[in-house]
Amino acid sequence: MRWYKESVVYQIYPRSFKDSNSDGIGDLCGIIEKVDYLKDLGVDVIWLSPIYDSPLDDNGYDISDYYNILNDYGSLDDFKVLIEKLHQREMKLIMDLVVNHTSDEHPWFKEASKDINSPYHDYYIFRKTKKKPNNWTSFFGGSAWEFNHCTNEYYLHLFSKKQPDLNWENPKVREEVKKILKFWLDLGVDGFRCDVINLLSKREGLPNGSGLPILRGKDHYVNGPKMHQYLQEIKNDVFKNYDMFTVGECVLITPEKALEYIQEGVDELNMVFQFDHMGADNYFVKWFPRKFKLKRLKKALSKWQYALEGKGWNSLYLENHDQPRSINRFGSLTHRKESAKMLATYIFFQQGTPFIYQGQEIGMTNAHFTSLEEYNDVETHNIYKVGRKVFHLSHKNMMKKIKYASRDNARTPMQWNREINGGFSNEKPWLGVNPNYSEINVEECLNDPDSILYYYKELIALRKKHPIIIYGNYQEFYENSNDIAFYERNYLNEKLVVACNFTSKIQYYNYDLNDFKLILSNYKDDLVPQRLLPYQAKVYIKKV
Ligand code: TEU
Ligand code: CA
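Remember, predicted model here, so these are calculated numbers, not experimental data. (Residues numbered from 1 in each chain as written. Chains lettered and ligands numbered in written order. Predicted model: local features only at pLDDT ≥ 70, side-chain atom pairs only at ≥ 80, totals over all residues. Heavy atoms only, no water.)

Caption draft 1: How the structure looks around the pairing of strand β22 (residues 537–543). Judged by how many residues are buried, β22 sits mostly within the fold: five of seven residues are covered. Summarising the sheet, strand β20 (residues 517–521) and β22 pair through four bridges and their orientation is antiparallel. Residue pairing in the sheet places Leu518 in a bridge with Tyr540 of β22. (Buried < 20%, exposed > 50% of the residue type's maximum accessible area, 1.4 Å probe, protein only. Helix = DSSP H or I, 4+ residues; strand = E, 2+ residues; numbered from the N terminus. Pairing = 2+ DSSP bridges.)

See below:
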């Protein structure tokens, strides 16, 4: 058994979690203040979004020094205090590993872009061509190539132009990454969330992509030809020497491809973050929203449950720092508490390691912004420009898309109490606090026995009490229903049943609940076992 299978992970976006020194920016000392809050919630592992030195073009996913903490967030000493406090409480910490690209302000790139003969020039993907080397587009819109006047070359950036892709063909780059990993592992870090890890290997010759200018070129850089070689090398030289785990964020991954990385015994990664279920309310990418259909959500998640069962380990998430809040997408603002609890039940009783994103446990909702200037996210601003200039969409249309899909929806400051700025900071925060902090905040939840927060605590405690939730198999019922989600888990001599109503109407189902015991519900009553009240979730268990 690997401990990560029995853990619950909590993701912190440090910039928005808690500000301890009144500069409007979250920091490590702010996280240290909240370690006991996290311990009480019952989570076992903390995943920190990047805290390394960065010019913050992509809020830290553009790293300029892998061995130092961004000044805004504190110091390496603060980091050592945090990891010590977590370990004292038998909690673990994983870092965000961003090694598909660096910041263009990393010394390697500063050297490489100045001098074609620099030893660092081959750390990146430069091409001396008259025009762009191919037609690939960036995840953030526009071309994936930027011209570097100093050396008269183009360089590749799958994300922002301030995030030049590293050249993983170069063994020196791979050695540098191993050094970075060992540095943090030797500081006691318990693993890594590996950013866009399946993009590291680009096809030889960088051939043109086909189709629309949306992720164009993906066929030549997703799960590229040398991915397994690179990950095997990193695993054999570093990972296998530590008691740690990795979760690889894998863009456009399928269960079959995922198993090539996570199959028990291969273990290039221990699990992946997949995106299929994130398409339940859009066409392929979130900038083309469509009406949420429960069937799409269920089909995507069930596909992964069945495909990985007994072969590889799942991760379970509905939210992170890149995605809009799940209540807005899959739940209901009029039944906010019920639907937040229902969504938690639906996702976290499946097989896999749960990942809770900061604020999800108190039912935080999408940002309230109305003007483009209120948004911070580089992706949001780039997509706005491309939408207006390339697709000639109106400002109104783009603002509607942004309101729904912007990553800032998940990045507004954590809401701790009803004091100024939701108790996040005494100063004006770097990103606007949602005005609903007066009624949605941790303190309000702690004073409400029926709160979403206490429901999460109960849910997490059940995972620790019932091995069937961790190790049971998965069998879906009512697959074709767009109203309810229903599945069984079976393990040794037990059966567990999860029934969730995704609508504001009463729903009925037909399932013999004889001898079952109700162990969790987001409504007090369970007078009619075969009935689900609006957004009701129920979990039953029985010995078979
Ligand atoms: O995200 C990778 C990724 O696929 C993003 O394009 C994400 O899916 C998209 O923004 C959703 O709209 C990772 C990090 O999670 C993200 O924060 C970084 O911006 C990106 O990589 C580059 O490091
Ligand atoms: Ca601060």
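Moving on, there is more to tell.
Caption draft 2: Main features of the site of ligand 1. Taken together, the neighbourhood of ligand 1 is formed by 19 residues, with Asp58, Lys286, Asp322, Glu379 and Arg407 sitting nearest. One of the side-chain nitrogen or oxygen atoms of His101 is found 3.0 Å away from an oxygen atom of ligand 1. Lys286 has a polar side-chain atom sitting 2.7 Å from an oxygen atom of ligand 1. Burial of ligand 1 by the surrounding chains reaches 94%, relative to a free accessible area of 500 Å². Residue composition of the shell around ligand 1, by class: seven nonpolar, three polar and nine charged. (Near = heavy atom within 4 Å. Polar contact = N/O pair within 3.5 Å; in protein donor to acceptor, adjacent residues only side chain to side chain. Areas by Shrake-Rupley, 256 points an atom, 1.4 Å probe, with all protein chains shown as cover. Nonpolar A, V, L, I, M, F, W, Y, C, P; charged D, E, K, R; others polar.)

Caption draft 3: Local environment of a positive patch on the surface. Together, Lys161, Lys385, Arg388 and Lys389 give the surface a local cluster of positive charge. You can see Arg388 is positioned in helix α11 (residues 378–389). The class for Arg388 is partly exposed, based on a relative accessible area of 34%. (Patch = residues over 30% accessible without salt bridge, like charges linked within 9 Å, V, L, I, M, F, W, Y side chains within 5 Å. Salt bridge = Lys/Arg side-chain N within 4 Å of Asp/Glu carboxyl O. Lys, Arg positive; Asp, Glu negative; His and termini not counted. Charge placed at Lys NZ, Arg CZ, Asp CG, Glu CD.)

Caption draft 4: Molecular detail of the pattern of salt bridges. Scanning the model with the defined rule gives 36 salt bridges in all. Residue Arg2 pairs with Asp243 through a salt bridge whose shortest N-O separation is 3.4 Å. Taken together, the positions of Arg2 in the segment before β1 (9–12) and Asp243 in the loop between α6 (227–237) and β10 (245–249) put the pair 241 residues apart, joining distant regions of the chain. Judged by its relative accessible area of 29%, Arg2 is partly exposed. Across the salt bridge formed by Asp450 and Lys337, the nearest N and O atoms sit 3.9 Å from each other.

Caption draft 5: Region of the structure containing the side chain of Arg216. Its location among the elements puts Arg216 in the loop between β9 (191–194) and α6. Asp219 is the oppositely charged side chain nearest to the buried, salt-bridge-free Arg216, at an N-O distance of 10 Å. A polar side-chain atom of Arg216 sits 2.8 Å from the main-chain carbonyl oxygen of Asn135. Contacts of Arg216, omitting those with residues within four sequence positions, involve Asn135, Trp136, Thr137, Gly209, Ser210, Gly211 and Tyr221. (Contact = heavy atoms within 4.5 Å.)

Caption draft 6: Main features of the sheet that holds strand β17 (residues 484–491). Reading across from one edge, β16-β17-β18-β22-β20 is the order of the five strands in this open sheet, with antiparallel pairing throughout. Two strands in the sheet have a free side with no partner beyond their single neighbour: β16 (475–477) and β20. For this sheet, the mean angle separating the axes of adjacent strands, direction not counted, is 20 degrees. Docked against the sheet, helix α14 (residues 452–465) engages β20 and β22, running at close to 135 degrees with respect to β20. (Axes fitted to C-alpha atoms, helices over the stretch in contact; angles between N-to-C directions.)

Caption draft 7: Focus on the sheet that holds strand β8 (residues 153–156). Read across the open sheet, the three strands follow the order β6-β8-β7; overall the sheet is antiparallel. Of all strands in the sheet, those with a lone pairing partner are β6 (126–127) and β7 (145–148), marking the two edges. Relative to β8, β7 runs antiparallel, the two being bridged by four bridges. By the bridge assignment, Asn148 is partnered in β8 with Glu153.

Caption draft 8: Spatial organisation of the coordination of the calcium ion (ligand 2). Surrounding the calcium ion (ligand 2) are the protein donor atoms Asp19 (OD), Asn21 (OD1), Asp23 (OD), Ile25 (O) and Asp27 (OD), which sit 2.2 to 2.4 Å from the metal. The class of Asp19 is buried, set by a relative accessible area of 4%. (Donors = N, O, S within 2.8 Å, 3.2 Å for Na, K, Ca; no water.)

Caption draft 9: Representation of the packing of aromatic side chains in the model. Enumeration over the complete set of coordinates arrives at 44 aromatic pairs. Arranged with centres 5.0 Å apart and planes meeting at 85 degrees, the rings of Tyr67 and Phe183 form a pair that is edge-to-face. Taken together, the residues Tyr67 in strand β4 (residues 65–69) and Phe183 in helix α5 (residues 171–186) connect sequence positions 116 residues apart. Owing to a relative accessible area of 25%, Tyr67 belongs among the partly exposed residues under this scheme. (Phe/Tyr/Trp six-rings, centres within 6.5 Å; stacked < 30°, edge-to-face > 60°.)

Caption draft 10: View of a nonpolar patch on the surface. Together, Leu252, Tyr283, Phe284 and Phe288 give the surface a local cluster of nonpolar side chains, amounting to about 400 Å² of exposed area. Topologically, Phe288 is positioned in strand β13 (residues 285–289). Residue Phe288 is classed as partly exposed on the basis of its relative accessible area, which comes to 32%.

Caption draft 11: Spatial organisation of the nonpolar core. Within the largest apolar cluster, 150 residues are counted, with the highest numbers of intra-cluster contacts made by Tyr10 and Phe192. Setting aside its immediate chain neighbours within four residues, Phe192 contacts Ile94, Met95, Leu97, Leu181, Trp184, Leu185, Phe239, Met244, Phe245, Thr246 and Val247. Ranked by size, the runner-up nonpolar core spans 18 residues in total, among them Leu158, Phe159, Val196 and Val378. (Core = buried A, V, L, I, M, F, W, Y, C linked by side-chain atoms within 4.5 Å.)

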